Each structure stands twice: as structure tokens, then as C-alpha cells.
Amino acid sequence: AAACARDSGMNVTFYALSKSIDPRTGFLHDAHSGLSVQLPAWASQVASLSRQAVLRSLPGGEQHRAMLSRYIQPVRVRCDSIATTLSRQGLLAGRSLRVLAIDAEGHDSELVLSLGHALGDGGTKGTLLSGLSLVLFEHKHSQPEPLCNALRMLDRAGFSCECDLTNVRCVRTRGRAMLHA
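Here goes a summary of the coordinates provided. (Residues numbered from 1 in each chain as written. Predicted model: local features only at pLDDT ≥ 70, side-chain atom pairs only at ≥ 80, totals over all residues. Heavy atoms only, no water.)

### Side note on the overall build of the chain
Filter applied, for reference: Only DSSP runs of H or I with at least four residues qualify as helices, and only runs of E with at least two residues qualify as strands; both kinds are numbered from the N terminus onward. Categorising residues by exposure relies on relative accessible area from a 1.4 Å probe, with only protein chains included: less than 20% of the type maximum marks a residue as buried, more than 50% marks it as exposed, and the intermediate range marks it as partly exposed. In this description, contact between two residues means that some pair of their heavy atoms is separated by no more than 4.5 Å. Method for areas: the Shrake-Rupley scheme with a 1.4 Å probe, in which residue coverage is limited to the protein chains shown.
Regarding its fold elements, the chain presents six helices and 10 strands. Residue burial in the chain is summarised as follows: out of 181 residues, 38% are buried. Of all intrachain contacts in the chain linking residues separated by at least 6 positions in sequence, the fraction that spans at least 24 positions is 65%. Counting only carbon and sulfur atoms, one obtains 53% of the accessible surface of the chain, whose full area is about 10,300 Å².

### Here's the deal with the pattern of salt bridges
Heads up, the condition is: One side-chain nitrogen of Lys or Arg within 4 Å of one carboxyl oxygen of Asp or Glu is enough to make a salt bridge.
Following the criterion strictly, the structure yields five salt bridges and no others. Here Asp 22 makes a salt bridge to Arg 24, at a shortest N to O gap of 3.6 Å. Taking the relative accessible area as the measure of exposure, Arg 24 reaches 69% and is therefore exposed. Put simply, Arg 78 and Asp 80 hold a salt bridge, and the shortest N to O gap is 3.0 Å. Residue Arg 78 is classed as partly exposed on the basis of its relative accessible area of 36%.

### Description of the sheet that holds strand S10 (residues 167–172)
Definition in use: DSSP calls a pair of strands paired once it identifies at least 2 bridges connecting them. Axis definition: a line fit to C-alpha positions, over the contact stretch in the case of helices; interaxial angles, taken between N-to-C directions, run 0 to 180 degrees.
Spatially, four strands are ordered S7-S8-S10-S9 in an open sheet, and the strand pairing comes out mixed. On the outer flanks of this sheet lie strand S7 (99–102) and strand S9 (159–163), each paired with one strand and no other. Averaged over all pairs of adjacent strands, the angle between strand axes in this sheet comes to 10 degrees, irrespective of strand direction. Note: strand S8 (residues 134–138) against S10, five bridges, orientation antiparallel.

### A word on the environment of Leu 55
Relative to the elements of secondary structure, Leu 55 occurs in helix H1 (residues 51–57). What makes Leu 55 buried here is its relative accessible area of 18%. Spatially, the C-alpha atoms of Leu 55 and Tyr 71 are 9.9 Å apart, while their sequence positions differ by 16 residues. In this view, Leu 55 contacts Arg 65, Ser 69 and Ile 72; residues no more than four positions away in its chain are not counted.

### Focus: the side chain of Ser 48
Note the cut-off: Any pair of N or O atoms that falls within 3.5 Å is considered a polar contact. Within protein, one atom must be able to donate a hydrogen and the other to accept it, and sequence-neighbouring residues count only if both atoms are side-chain atoms.
Note on placement: Ser 48 falls in strand S5 (residues 47–48). Among the polar contacts listed, one links the side chain of Ser 48 to the backbone nitrogen of Ser 50, at a separation of 3.0 Å. Each residue touching Ser 48, except ones within four places of it in the same chain, is listed here: Phe 14, Tyr 15, Ala 53, Val 54, Ala 104, Glu 105 and His 107.

### A look at the nonpolar core
This is how it is decided: Nonpolar cores are built from buried Ala, Val, Leu, Ile, Met, Phe, Trp, Tyr and Cys residues. Side-chain atoms within 4.5 Å join them into one set.
In terms of nonpolar packing, the biggest core is built from 23 residues, with Ile 102, Val 112, Leu 115, Leu 132, Val 135, Phe 137 and Leu 154 touching the most fellow members. Broken down by secondary-structure element, the contributors of at least two residues to this core are helix H3 (82–88), S7, helix H4 (108–114), helix H5 (128–131), S8, helix H6 (144–156) and S10. By residue number, the principal contributor to this core is H6, which donates four residues. Excluding anything up to four places from it in sequence, Phe 137 contacts Ile 102, Asp 108, Ser 109, Val 112, Leu 147, Leu 151, Leu 154, Asn 167, Val 168 and Cys 170. If you look at the next biggest cluster of nonpolar residues, it comprises 14 residues, including Leu 39, Ala 43, Leu 58 and Tyr 71.

### Things to note about the state of the cysteines
How we decide: Our working definition of a disulfide is a cysteine sulfur pair at a distance within 2.5 Å.
Inspection of the entire model under this criterion finds one disulfide. For Cys 161, the disulfide goes to Cys 170, at an S-S distance of 2.2 Å. Across the disulfide from Cys 161 to Cys 170, rotation about the S-S bond amounts to roughly 115 degrees, and the bridge is consequently right-handed. Judged by its relative accessible area of 27%, Cys 161 is partly exposed.

As C-alpha cells, then:
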């Protein structure tokens, strides 16, 4: 399943690199075309709801990426909210989530915004955000408006956020949940 900003229960198109890439070595060999390329091992793990995000994540220059673009394949997956995904894994059963790290190749800000939506329990437990003490997410590929909205929401919820060139780290400084050493 893919984590989406809202539950849809529908299938969405997810883009991933071809299984022709060896996940241990990063080696790509295409017997049909005769192409052999050594990629970093992590390249086999690149995937996103955006084909362009996958393409931007690939190593090398424009020509190299253009050559590799034919190995980006669409896959249909179920789209669930973060709350549904965590519930299915048994991670919300009777306890609060304290730390959440998101790396969703350009969809991070939208997923952070979804943390403020009521849980599917009629609102009696609040939101996923209410139990969190630390939120980490990538902003490098985010669009400005969702990123600004996510940062405003986190600020209103009692978080203090710091950004570096790639990531945002938000620590709760006031409000409900706090991390204890």
C-alpha cells in the first residue's frame, strides 16, 4: 500500500525502477538492449507516486537519466492514509505514536498535513499529531504552498521546526506529548 494524504481505498499508480536492477549491487543489465549500467545499490529502492520524482532521484546527468527513464515502471497499489497504514501494522493499538519520519519523494508535506486530520474513531483519540513529540520529513521536493501549510499547522500544534537544505525537524516544545529520556 502507498501512504496517501487521505484514505481512498482505491488503487493509484506508483512508479518504481525495473526489477532488472539488482537490489544488492545496483547493477542493471538489459539483455534485450545490451545495456549494462552500474548504479548505486539504493537506486533499486527509488519509488514514488510521481514518475518525475523517481526520475529526479536517479544519479547522473540529463542524458543518463533519459536513458534510465525507460526502466521506470508503473505499478498499481492501494492508497491508504498514514493512520490506516499504521493501524494495519498494529502500531496504534492502545498507544500513541511518539516519533514519525516521512520520506515520500515530494509528497511529504501533504502527508504531514494529513497528521492533523481526526483518526477514524469518531475523533475520541484526536489526531495522529496529538501524540507525536518529533516529526521528521523531507522538504527538498515539496511544493511551497503545502510546505508552508504543514509548517504553520505544526507550529499551531506546539512544534518548533528547523530546516536544513533537505529536511525539516520538528520537536514539540509545548502541548500534549513530550519525549522523555
